[in-house]
Amino acid sequence: MAVKTKGQTFVFANPPHIVAHASIVGPEESKGPYSEYFDLHLDDAKYGEDSWEKGEERMAANAVDLSLDKASVTAADVDLMLGGDLLNQLITADFVARDLDTPFLGIYSACATLVEGLSLGAALMDGGFADCVVAFASSHYQTAERQYRTPLEYGVQYPPYKQFTVTAAGSYVLGWLGGDVWITHATMGKVIDLGVTDPNDLGSAMAPAAAEIILQNFKDLNRSPADYDLILTGDLGLTGKKVLTTLLEEKNIMAGDKLMDCGGEIFGGQEQYGSGGSGVGASAAFFGSVIIPRMKAGEFRRVLFVGTGALLSALTVKQKESIPAIAHAVVVEKIPGG
Amino acid sequence: MKNINKTTDEFKKIVQKEQPPVNKTANFFKAFLVGGTICLIGQVFQELYMAFFNYSQQDAGTMATITMIFLGGLLTGLDIYDEIGQFAGAGSLVPVTGFANAMVAPALEYKQEGFIIGIGANLFSIAGPVLAYGMVSAFIVGLLQTLFGG
Amino acid sequence: MGIFIKAFLVGGLICGICQLILDNTDYTPAHILVGLVIIGSILTGLGLYDPLKEFAGAGVTIPVSNFGYILTQGVQEAAEKDGLLGLFKGVLDIASAGISASVIIAFFMALIFNPKK
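Before going into details, it helps to say that this report is about the structure given with it. (Residues numbered from 1 in each chain as written. Chains lettered and ligands numbered in written order. Predicted model: local features only at pLDDT ≥ 70, side-chain atom pairs only at ≥ 80, totals over all residues. Heavy atoms only, no water.)

**Some points on the overall build of chain B**
Logical step 1: Regarding its fold elements, chain B presents eight helices and zero strands.
Logical step 2: Sequence-ordered secondary structure for chain B, helices as α and strands as β, is α-α-α-α-α-α-α-α.
Logical step 3: Over its C-alpha atoms chain B spans a radius of gyration of 21 Å, topping by over 25% the 15 Å that the globule rule assigns to 150 residues.
Logical step 4: On the principal axes, the C-alpha backbone points of chain B span a range of 75 × 45 × 40 Å.
Logical step 5: Relative to its 150 residues, chain B shows a buried fraction of 48%. (Helix = DSSP H or I, 4+ residues; strand = E, 2+ residues; numbered from the N terminus. Rg over C-alpha atoms; globule rule 2.2 N^0.38 Å. Buried < 20%, exposed > 50% of the residue type's maximum accessible area, 1.4 Å probe, protein only.)

Now the structure itself:
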């Protein structure tokens, strides 16, 4: 079998299509400038359930269902489902899979989980192990806040660079037919830790991992920013994006306004949201609902989609550990003639 | 070999440069104003309890404290105290209203896990250290005074 | 009138200093509160909290350091009366009103309200 890897990058001989995508966002995200792009909006973070966790689960489950509908397939047609979220034991994804008649692998890279899912799904399909894969991820402000920080109504003061977890879920159906974009490459990241200890500044903690994976992708494929129409990072926020820009410029990579960050964009940069959104829901909803339509419209032909994850837990923070980060990237292109 | 080879100190400098600055002077005055105002309100209640309910100064102080605890708890329930906290920082953290906030916030938060293992078990999840160390230090101070005749 | 101004200034100053510590060190709010309570307790032991209270009123009885004061005062009074037993018995003597009120009020607030955010 031919070698399909260059450095850390999988090169797909048969690039899987992103056949369909669906997203659901929470109340705060529905007020943002991209609100109309998302498929469904919640006006209640519990989604009518009696706990936030059940609300998140229902949100993620509905996103998966909706994406299957859009792709005109049933759960039984799906060979493999890859999903994850930010809660301990991947409890949201597990409970989504409980209700579906589909083989399931739970995956975790914090907020890079969605890109990890797209990478693995595409690799398994190109490797011949599956013909239809669903990759989904979700995050939820209330469930994440209580797991990682303090009760919501507790009056602690946050610094101006704090990010707010996005309440959103996104689900992607990968197949061989239909859709207008496909995944041509996937670059697998290493865990990077440059010693950031402030759990309110995850963007800065993740920026080095994002820089690392972007440089690696360029090196493996002998590319530069000129080869991409957009370099989309997951949830660095406004501060993390600045740090990333500085790190890249030090390596003489001038990405300039080709850089965009899902978390930084999703709330429209308003001061009350600090540095912007975080959480895997940001990239899971934003890429599929905002960027893919713009790719279809021809605005972007080739996008480097970088998921960024901060690998911390409430306990590691209390134990004064620094915050390691990971980033994975996929190259998504408009299908020629598509 | 990783592409980004920085020491943590080099990286720290970049982060400090790019982070939006915290306005410490403004934070000090906001904490001062809000904290001072809360204490002032407490003093007003104390005087009122003395003037209209004939409480002794000590009892009026205790009643004022309970009133402030109630107000802090109410503002927490009404989803206002966290906003005050974001503005005032230590100004709303340090007064006893902040202690009430620290008790009510987890009580509300864990309601969905039930009354016993939710609310009951989490009431002291934030305020616990204050009571624990207050009691231990009170004991130690009292012990020292007993031993060495304070 | 003077007591109101003094309560405002002293209470405000305590909060302002705590804010400076929060902004300039890695200490968390929990550290600050525990530190204040211990300081309140030590000042009580040294006989300094009563004069402070005399001077600033609610300026020192509303900040959480007051817990340190009333917990310690309870121990002091009981120890005088009951010796060793008082060291344990007296801890919550004076503080019981505030602590009981906190628990009871927190319970009823949780009964009435749900977190909004």
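There is more to say after this.
**What about the side chain of A:Thr246?**
Residues and elements named next belong to chain A.
Logical step 1: With respect to the element layout, Thr246 can be found in helix 7 (residues 237-250).
Logical step 2: Thr246 sits in the buried class, given a relative accessible area of 13%.
Logical step 3: Among the polar contacts listed, one links the side chain of Thr246 to the backbone oxygen of Lys242, at a separation of 3.0 Å. (Polar contact = N/O pair within 3.5 Å; in protein donor to acceptor, adjacent residues only side chain to side chain.)

**Notes on the interface of chain B and chain C**
Logical step 1: If you look at the interface, chain B gives 65 residues, while chain C gives 66 residues.
Logical step 2: Between chain B and chain C lies a buried interface of about 5,500 Å² when both sides are counted; carbon and sulfur atoms form 77% of it.
Logical step 3: Linking chain B with chain C are zero salt bridges.
Logical step 4: At the junction of chain B and chain C, the tally comes to 13 residue pairs in polar contact (both at pLDDT 80 or more).
Logical step 5: Breaking the side of chain B that touches chain C down by element, the ones donating at least two residues are helix 2 (24-53), helix 3 (57-77), helix 4 (81-88), helix 5 (90-93), helix 6 (96-109), helix 7 (115-122) and helix 8 (128-148) of chain B.
Logical step 6: Of the residues contributing to the side of chain B that touches chain C, the split by class is 39 nonpolar, 19 polar and seven charged. (Contact = heavy atoms within 4.5 Å. Buried area = accessible area lost by both parts, 1.4 Å probe. Salt bridge = Lys/Arg side-chain N within 4 Å of Asp/Glu carboxyl O. Nonpolar A, V, L, I, M, F, W, Y, C, P; charged D, E, K, R; others polar.)

**Points about the interface of chain A and chain C**
Logical step 1: With eight residues of chain A at the contact, the number on the chain C side is six residues.
Logical step 2: A buried area of about 570 Å², summed over both sides, lies between chain A and chain C, and 51% of it is on carbon and sulfur atoms.
Logical step 3: Contact with chain C buries area across many residues of chain A, yet A:Trp52, A:Glu153 and A:Gln157 alone supply 49% of it, more than any other trio.
Logical step 4: Between chain A and chain C we count zero salt bridges in total.
Logical step 5: At the junction of chain A and chain C, the tally comes to one residue pair in polar contact (both at pLDDT 80 or more).
Logical step 6: Across the side of chain A that touches chain C, the residue classes break down as five nonpolar, two polar and one charged.

**Some thoughts on the pairing of strand 7 (residues 133-139) of chain A**
Residues and elements named next belong to chain A.
Logical step 1: In terms of burial, strand 7 is a largely internal element, seven of the seven residues being buried.
Logical step 2: Here strand 7 shows a buried face lined by Val133, Ala135, Ala137 and Ser139 and a second buried face lined by Val134, Phe136 and Ser138.
Logical step 3: Sheet topology places strand 5 (residues 80-85) next to strand 7; six bridges connect them, and they run parallel. Paired with Asp85 across the strands is Ser138, a residue of strand 7.
Logical step 4: As judged from the seven bridges shared by strand 7 and strand 9 (residues 168-175), these two strands associate in the antiparallel manner. Across the sheet, residue Val134 finds its bridge partner in strand 9, namely Val173. (Pairing = 2+ DSSP bridges.)

**Observations regarding the side chain of A:Thr9**
Residues and elements named next belong to chain A.
Logical step 1: With respect to the element layout, Thr9 can be found in strand 2 (residues 9-11).
Logical step 2: Assessed through its relative accessible area of 0%, Thr9 is described here as buried.
Logical step 3: At 2.9 Å, the side chain of Thr9 forms a polar contact with the side chain of Thr187.
Logical step 4: Among the polar contacts made by the side chain of Thr9, one reaches the side chain of Asp220 at a distance of 2.7 Å.
Logical step 5: Beyond its immediate chain neighbours, meaning those up to four positions away, Thr9 contacts Lys4, His185, Ala186, Thr187, Asn217, Asp220 and Leu221.

**Section: a nonpolar patch on the surface**
Logical step 1: A grouping of B:Phe115, B:Ile116, B:Ile117, C:Ile104, C:Phe107, C:Phe108, C:Leu111 and C:Ile112 is seen on the molecular surface, where their side chains present a nonpolar patch of about 830 Å² in accessible area.
Logical step 2: Contributions of two or more residues to the nonpolar patch are made by helix 7 of chain B together with helix 7 (96-112) of chain C.
Logical step 3: The element contributing the most residues to the nonpolar patch is helix 7 of chain C, with five residues.
Logical step 4: Within the fold, C:Ile104 resides in helix 7.
Logical step 5: A relative accessible area of 48% places C:Ile104 in the partly exposed class. (Patch = residues over 30% accessible without salt bridge, like charges linked within 9 Å, V, L, I, M, F, W, Y side chains within 5 Å. Areas by Shrake-Rupley, 256 points an atom, 1.4 Å probe, with all protein chains shown as cover.)

**Topic: helix 5 (residues 141-148) of chain A**
Logical step 1: Of all eight residues that make up helix 5 of chain A, seven are buried, and the element is covered over most of its length.
Logical step 2: Every buried residue of helix 5 of chain A is accounted for by A:Tyr141, A:Gln142, A:Thr143, A:Ala144, A:Glu145, A:Arg146 and A:Gln147.
Logical step 3: In this structure, the buried residues of helix 5 of chain A make contact with helix 2 (52-71), strand 7, strand 8 (163-165) and helix 10 (314-318) of chain A together with helix 6 of chain B.

**Let's talk about the packing of helix 1 (residues 2-24) of chain C against helix 3 (residues 49-56) of chain C**
Residue and element names in this part refer to chain C.
Logical step 1: In contact at an axis separation of 8 Å, helix 1 and helix 3 are set at 120° when each is read in the N-to-C sense. Comparing their axes, helix 3 and helix 1 come out oblique. Judged by residue contacts, Ile3, Lys6, Ala7 and Val10 of helix 1 engage Glu54, Phe55 and Ala56 from helix 3.
Logical step 2: Residue classes in the contact of helix 1 with helix 3 are distributed as five nonpolar, no polar and two charged. (Axes fitted to C-alpha atoms, helices over the stretch in contact; angles between N-to-C directions. Parallel < 35°, antiparallel > 145°, perpendicular 65-115°, else oblique.)

**Description of helix 7 of chain B**
Logical step 1: Here helix 7 of chain B has its buried residues at B:Gly118, B:Ile119 and B:Asn122. End-on view of helix 7 of chain B: buried residues confined to an arc of 100°, all on one side of the axis. In helix 7 of chain B, the exposed residues that point more than 90 degrees away from the buried face are B:Ile116, B:Ile117 and B:Ala121.
Logical step 2: On its buried side, helix 7 of chain B packs onto helix 6 of chain B together with helix 7 of chain C. (Arc of directions from axis to C-beta.)

**Quick notes on the pairing of strand 11 (residues 230-233) of chain A**
Residues and elements named next belong to chain A.
Logical step 1: What you see with strand 11 is no split at all: Leu230 and Leu232 on one side and Ile231 and Thr233 on the other are buried throughout.
Logical step 2: Where strand 11 and strand 14 (residues 302-310) come together, four bridges link them in parallel fashion. Note on strand 14: the bridge partner recorded for Ile231 is Leu304.
Logical step 3: Two elements, strand 11 and strand 12 (residues 259-261), share three bridges in a ladder whose sense is parallel. Its bridge partner being in strand 12, Thr233 is matched across the sheet by Asp261.
Logical step 4: Handedness of the β-α-β unit built from strand 11, helix 7 and strand 12 comes out right-handed. (Right-handed = clockwise from strand over helix to strand, strands pointing away.)

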